[in-house]
Amino acid sequence: MSAASCRLTEDQFLCSICLDVFTDPVTTPCGHNFCKTCITEQWNINVPYQCPNCKEVFHQRPEMRVNTFISEMAAQFRQSAQQKASSSSSEQQVSKPGEVPCDVCTGTKLKALKSCLVCLASYCEIHLEPHLTSSRLKRHQLIDPVENLEGRMCLKHDKLLELFCKTDQMCVCMLCTILDHKTHDVVPLREGYEGKKAELGKTEAEIQQMIQKRRLKIEEIKHSVELSEEDADREIADGVQVFTALKESVERSQAELMDTIKEKQRKTEKQAEGFIKELEQEISELKKRSTEVEQLSRSEDHLHLLQSFRSLITAPPTKDWTEVSVRPPSYEGTVRRAVSQLEETLSKQMKKLLTEVELKRVQQSAMDVTLDPDTAHPNLILSADGKQVKDGDVEKNLPNNPERFDYCPNVLAKQSFSSGRFYYEVQVKGKTGWDLGVVRESINRKGQITLGPQNGYWTICLRNENEYKALAGPSVRLSLKSRPEKVGVFVDYEEGLVSFYGVDAAALIYSFTGCSFTEKLYPFFSPSLNDGGKNSAPLIISPVNRAYKSNLPRHISF
């Protein structure tokens, strides 16, 4: 019989008890075939004797004999199947570690294609064929190959886990729903699967969102580290600049000290050299006179000795060296005075250098500021871009809205600040009077105003061309080494600090400290009166030439 014909009738060669090809097939009186061993074991256990297929009952145990024809056909079919399995095994994949092997293969285990939830076995392509062709086996539930099929059975009732208890959140069998889970909310596995799959989708989306947030946080942290590194480099550069300048000052002071000491020594040496030269000249004269006296004393000429005696007996004119001496210069206090002077120089220089560094830092907080025309006194003239203001001496007809100053020539900025730090610069060049600073939102804007922190004003001013004051209530007279042409205003809201800087000289002019801010703060400007043209120059809000700007956050948190 050909392999093709075997495949057409292979359902006839399967024992319905062991679901395998007949071994020693026997036929019951009702005409059904079984393996001799299978039906014998069946009837040894179950009484009365009943056909497993048609359920016909036999009152006496039938005598079973091997059906020779079917036995030969089954053997031929088995041989054909084995040849087919042998020829195709090389084409199939051998089971590798981690893959599910076929439970039927002997010797080399092939990779399973499916697992049967009824047979609780996994099959390769050859051994799976009966499940694809046999009408009885086609009803079995096949799934992708899995290990531990016993785990799909209820441990308590040895039945297939085919239901899901939503109450206890566990898989159960049919008997469980009758006994332990009788009143619970039980649904088919597929329904439970779909619900959990939807939850998993939601969970996956949440996890992906958490992953994305953490990736963004990583980028934020990396960016913060980069900014921190940049700030560290700038801080190092500033530190090197400061300490290099201080080192140069020390070296200059040391050189000056050495020069002072050496100059004193040079003066001493020069004085000694002068004395020595003068003494050597006198010695030369005295040696000459000594030679003349000696020669005269040897003369035998009586007349010549007597005539020359008077002129030689008298010593040549010389200096009285009794009180003459070279006194070493006094160096006492020289080093102390030099160190004291160095301390003073370093203190001034350090203060200046630190102010320069401080100014660089506050310039990080520079904000764009423009003037608000709705707050400007009618006499003030504002530029179109809102960056300049001056007094025009002529009052314009403007609505007297609550925000407008109606007596003092003042104007506020459009921008307000209620937290953090901000900084702006104003050019005051050519002016003989002005007021600058910040004010709180609720200040009085009508009538005569007294500027001071108690009234919500933190300002400094110039009066009478060279009189600078901090309007601290009472006023504080400011002593400036040079007239500032540009003034920087810095505010740290949380620290309660308002500082004013001379930008050109990089000098701190004045600071209001310990302020308590509870409202919005507005930049404040007053160009003062025109004064017949003497004070006609405008106040100009200038762009800040920031040496650097850092966006490093103060805190990193989720």
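Residues numbered from 1 in each chain as written. Predicted model: local features only at pLDDT ≥ 70, side-chain atom pairs only at ≥ 80, totals over all residues. Heavy atoms only, no water.

All right, on to the packing of aromatic side chains then. Taken as a whole and judged by the stated rule, the model has twelve aromatic pairs. Ring centres 6.1 Å apart and planes at 70° place the aromatic pair W43 and F58 in the edge-to-face group. Within this pair, whereas W43 is found in helix α2 (residues 36-45), its partner F58 is found in strand β4 (residues 57-58), the two being separated by 15 residues in sequence. Note on W43: relative accessible area 2%, which makes it buried. Both rings, one in Y493 and one in F517, keep their centres 5.4 Å apart while their planes meet at 45°; by these two values the pair is tilted. Residue Y493 is located in the loop between β19 (486-492) and β20 (497-502), and its partner F517 is located in the loop between β21 (507-512) and β22 (521-526); the two are separated by 24 residues in the primary sequence. The class for Y493 is buried, based on a relative accessible area of 10%. Between K319 and the ring centre of W321, over which it is positioned, the NZ or CZ distance is 4.7 Å. (Phe/Tyr/Trp six-rings, centres within 6.5 Å; stacked < 30°, edge-to-face > 60°. Helix = DSSP H or I, 4+ residues; strand = E, 2+ residues; numbered from the N terminus. Buried < 20%, exposed > 50% of the residue type's maximum accessible area, 1.4 Å probe, protein only. Lys NZ or Arg CZ within 6 Å of the ring centre and 35° of its normal.)

Attention shifts here to the sheet that holds strand β5 (residues 114-116). One key point about sheets: their strands pair by backbone hydrogen bonds, in either a parallel or an antiparallel sense. On the basis of which strands lie adjacent, the open sheet formed by three strands has the order β6-β5-β7 and antiparallel pairing. The two strands at the open ends of the sheet, each matched to only one other strand, are β6 (121-123) and β7 (142-143). Note that β5 and β7 share two bridges and pair antiparallel. Across the sheet, S115 pairs through a bridge with I143, a residue of β7. (Pairing = 2+ DSSP bridges.)

Attention shifts here to the side chain of E282. Summarising the element assignment, E282 is placed in helix α6 (residues 189-298). One buried charged side chain, E282, makes no salt bridge at all; its nearest oppositely charged neighbour is K319, positioned 7.0 Å away. Discounting chain neighbours no more than four positions away, the residues touching E282 are T318, K319 and W321. (Lys, Arg positive; Asp, Glu negative; His and termini not counted. Salt bridge = Lys/Arg side-chain N within 4 Å of Asp/Glu carboxyl O. Contact = heavy atoms within 4.5 Å.)

Attention now goes to the confidence of the model for the chain. Chain-level pLDDT for the chain is 86 on average; 94% of the residues reach the 70-or-more range. Note on residues 1-8: pLDDT is under 50 here. Beyond four places in sequence and across chains, it has seven contacts. Predicted confidence for residues 548-558 stays below pLDDT 50, and this span has 24 contacts to residues more than four positions away or in other chains. (pLDDT = per-residue confidence, 0-100.)

Turning our attention to the state of the cysteines. What we call a disulfide is simply a covalent bond connecting the sulfur atoms of a pair of cysteines. Tallied over the full model, the rule gives zero disulfides. The structure places no disulfide on C116, whose sulfur is separated from the nearest cysteine sulfur, that of C119, by 3.6 Å. Among the residues examined, C116 registers a relative accessible area of 0% and is labelled buried. Unpaired in this structure, C515 has its nearest cysteine sulfur neighbour in C461, at a distance of 17 Å. Owing to a relative accessible area of 16%, C515 belongs among the buried residues under this scheme. (Disulfide = S-S within 2.5 Å.)

Summarising burial for β19: six of the seven residues are buried, a large majority. Alignment of strand β14 (residues 421-427) against β19, held across seven bridges, turns out to be antiparallel. Bridged to E425 within β19 is G488. Note that β19 and β20 share six bridges and pair antiparallel. Considered in β20, the bridge of V489 is made with F500. Hairpin connection from β19 to β20: four residues lie between these consecutive antiparallel strands, with G496 at a positive phi of about 65°.

Here we take up a negative patch on the surface. On the surface, E219, E226, E229, E230 and D233 cluster together into a negatively charged patch. Topologically, E229 is positioned in helix α6. (Patch = residues over 30% accessible without salt bridge, like charges linked within 9 Å, V, L, I, M, F, W, Y side chains within 5 Å. Areas by Shrake-Rupley, 256 points an atom, 1.4 Å probe, with all protein chains shown as cover. Charge placed at Lys NZ, Arg CZ, Asp CG, Glu CD.)

Inspection of the entire model under this criterion finds 18 salt bridges. We note a salt bridge from D180 to K156, for which the minimum N-O separation is 2.7 Å. In this pair, D180 sits in the loop between α5 (174-178) and β10 (186-188) while K156 sits in the loop between β7 and β8 (163-165), placing the two residues 24 residues apart along the sequence. The class of K156 is exposed, set by a relative accessible area of 58%. Residue E235 is joined to R361 by a salt bridge in which the shortest nitrogen-to-oxygen separation is 2.1 Å.

Another point: the sheet that holds β19. Taken together, the seven strands give an open sheet; going across it, the order is β11-β12-β23-β14-β19-β20-β21, and neighbouring strands pair in antiparallel fashion. Strands at the two margins of the open sheet, each flanked by one partner only, are β11 (380-382) and β21. In this sheet, neighbouring strand axes are inclined to one another by 20° on average, regardless of whether the strands run parallel or antiparallel. Each of β14, β19, β20 and β21 touches helix α8 (residues 334-362); the most contacted strand, β20, lies at about 115° to it. (Axes fitted to C-alpha atoms, helices over the stretch in contact; angles between N-to-C directions.)

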